[in-house]
Amino acid sequence: MTDITQALAGIVGEAYVSNHPEEAYFYARDPGLMPPHAPDYVVVPKVVEEIQEIVSLANREKIPVVPMGAGLALTGLVIPLKGGIVIDMKRMTRILKVNETGRHAIVEGGTSQGLLKSYLEKHHPRLRHSIPDSPATATIAANVMIHGQGRLTQQYGFNSDMITGLEVVLASGQVSRIGSCALSPDWFSKGAPLPDLTGLFLGWFGATGIITKIGVKLYPKKKLRDVEIFLTDRADLVPDMIYELTHTEMVEDINVFAQPKPMIFKDNHHITLFFTGDTDEELEFKRKTIWHSLDRFIRNKDGGFMGVPPVMKPTLLDMPQRSVSRFADVTKGGGFEYSGPIIMVDKYPACAQKILELAEKYDLGYSGMARIIGRSHAMMYGFAFTFNRADPDMMERTRKALHEVSVFALEAGGIFWKATVDEQRMAMEKMDPVTLGLMKMIKEQMDPNGIMNPGNWEVTEV
């Protein structure tokens, strides 16, 4: 056992530290295309004080530290590019408090989406949070760290907009509380009316600190929930349709998907609409309002509502939708990655055309999916490809297709979501130099030894 391994074992216990090759193999990769990089050590702490000691040790010895939730980002954000210590948060899963009337929960940094969902269903059935469509094991902290989206994003914005505070371990090993919890026992605001310091951590992929606690906004859970699907073969009209639908203020969540399989989906764009109510009357009022908002498109024969068979509804209403995970292995072979730029909704037709071109050019299975953010303020458009990990040629074709997506997204005015290291470099090359200089200053001040998830958001030149 090395000195560092012994020191880590002294912090978390021998059973929760490893430098063995089998653990290193597992923590060296994710399901995406990023080449593996093995960590030197893996630790699984239980309490924040252990994380403080681990980070202090790493800072003293100048060893890289990479925090890890469930490792599902697909873009290599928790792959230890420069080795070092991976801190797996899976033992920090306590739901510390739910304030029913204040509609927020405080959870530890390793708490999964599925755990909070099931806890609320059992103990607070009138409340819900914005659950994403990633597997239920995805952690809440990692999702907000990457500015993820969820089932309430159409109404309330990014999931990172729906937090009420953070507890973060800094590179120095100190603990900082961000938001109202910095001076109050109550976690009701992430910033206002104070300076909002959450921006020092959110979107940085762990390069400025490790989230150990997080306050999450909760929202009313209506008794009834239903879904409608509007079909059109006119990609150019989708932005206008989205505008009309969001103008009703009746829709909880809007997704648009287009994919070639099964054949029933081919050549159409499916605008999937979710809405809720406490009574049948409320639900029907919203359904009719939604229907009428698209009357002119129906009259012009540019689209129509698809009858959703009862057998399909449980799948569509599932949260998270397991069908998303099933698509990830439709090619068979365990490979799945997507680029999901955040981009204006009026770019939908160009995105839909681009994914068709790339799928044909590189002979790949694909799915294009948009999630509307904040009443049409923007959308995430997912260019998703599946591949067989045992087929190097297919993997290379997928890499080339995703690179073309990155180039296209920047030229179209989009911003990369959970950017790969290559996309981070492309973004920084295009970024306003003053803004880039500000990022460099923040990183150098908060992590002077460069130990926090090195390789991510590293500003080398301004």
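Here the structure is a predicted model, which means the values were calculated and not measured. (Residues numbered from 1 in each chain as written. Predicted model: local features only at pLDDT ≥ 70, side-chain atom pairs only at ≥ 80, totals over all residues. Heavy atoms only, no water.)

Draft legend 1. Structural detail: the sheet that holds strand β8 (residues 163-169). Sheet architecture is open: five strands sit in the order β5-β6-β10-β8-β9, paired in antiparallel fashion. The open sheet is flanked by β5 (95-99) and β9 (175-178), the only strands paired with a single partner. Looking at each pair of strands side by side, their axes are set apart by 10 degrees on average, direction ignored. As paired strands, strand β6 (residues 104-108) and strand β10 (residues 210-217) are joined by five bridges and run antiparallel to one another. When the sheet's bridge partners are listed, Ile106 is paired in β10 with Gly215. (Pairing = 2+ DSSP bridges. Helix = DSSP H or I, 4+ residues; strand = E, 2+ residues; numbered from the N terminus. Axes fitted to C-alpha atoms, helices over the stretch in contact; angles between N-to-C directions.)

Draft legend 2. Spotlight on the environment of Pro220. Topologically, Pro220 is positioned in strand β11 (residues 219-220). Note: C-alpha distance between Pro220 and Pro125 (95 residues apart in sequence) is 9.2 Å. When residues no more than four places from it in sequence are discounted, the contact partners of Pro220 are Arg103, Arg126 and Arg128. (Contact = heavy atoms within 4.5 Å.)

Draft legend 3. Spatial organisation of helix α7 (residues 238-247). Within the span of α7, buried status applies to Val238, Pro239, Met241, Ile242, Leu245 and Thr246. Buried residues of α7, viewed axially, fall in a sector of 160 degrees; they line one side. Of the residues flanking the end of α7, it is Glu249, one or two places downstream, whose phi is positive at about 60 degrees. (Buried < 20%, exposed > 50% of the residue type's maximum accessible area, 1.4 Å probe, protein only. Arc of directions from axis to C-beta.)

Draft legend 4. Structural view of the nonpolar core. Grouped together as the largest cluster of nonpolar side chains are 45 residues, with contacts concentrated most on Ile271, Tyr348, Met379, Tyr381 and Phe385. Elements supplying a minimum of two residues to this core: α7, β13 (253-258), β14 (269-277), α8 (280-293), α12 (348-362), β18 (365-373), β19 (378-388) and α13 (392-411). Ranked by residue count, the leading element in this core is α12, at seven residues. Once residues within four sequence positions are removed from consideration, Tyr381 is found in contact with Ser339, Gly340, Pro341, Ile343, Tyr348, Cys351, Ala352, Ile355, Gly368, Met369 and Ala370. (Core = buried A, V, L, I, M, F, W, Y, C linked by side-chain atoms within 4.5 Å.)

Draft legend 5. Up close: helix α15 (residues 433-446). Its 14 residues place the ends of α15 20 Å apart at the C-alpha level, agreeing with the 20 Å of an ideal helix rising 1.5 Å per residue. What α15 keeps buried is the set Leu436, Met439, Ile442, Lys443 and Met446. Axial view of α15: buried residues confined to an arc of 120 degrees, hence all on one face. Turned more than 90 degrees away from the buried face of α15 sit Val434 and Gln445, all of them exposed. Where the residues of α15 are buried, they touch α14 (421-430). (Expected span 1.5 Å × (residues − 1).)

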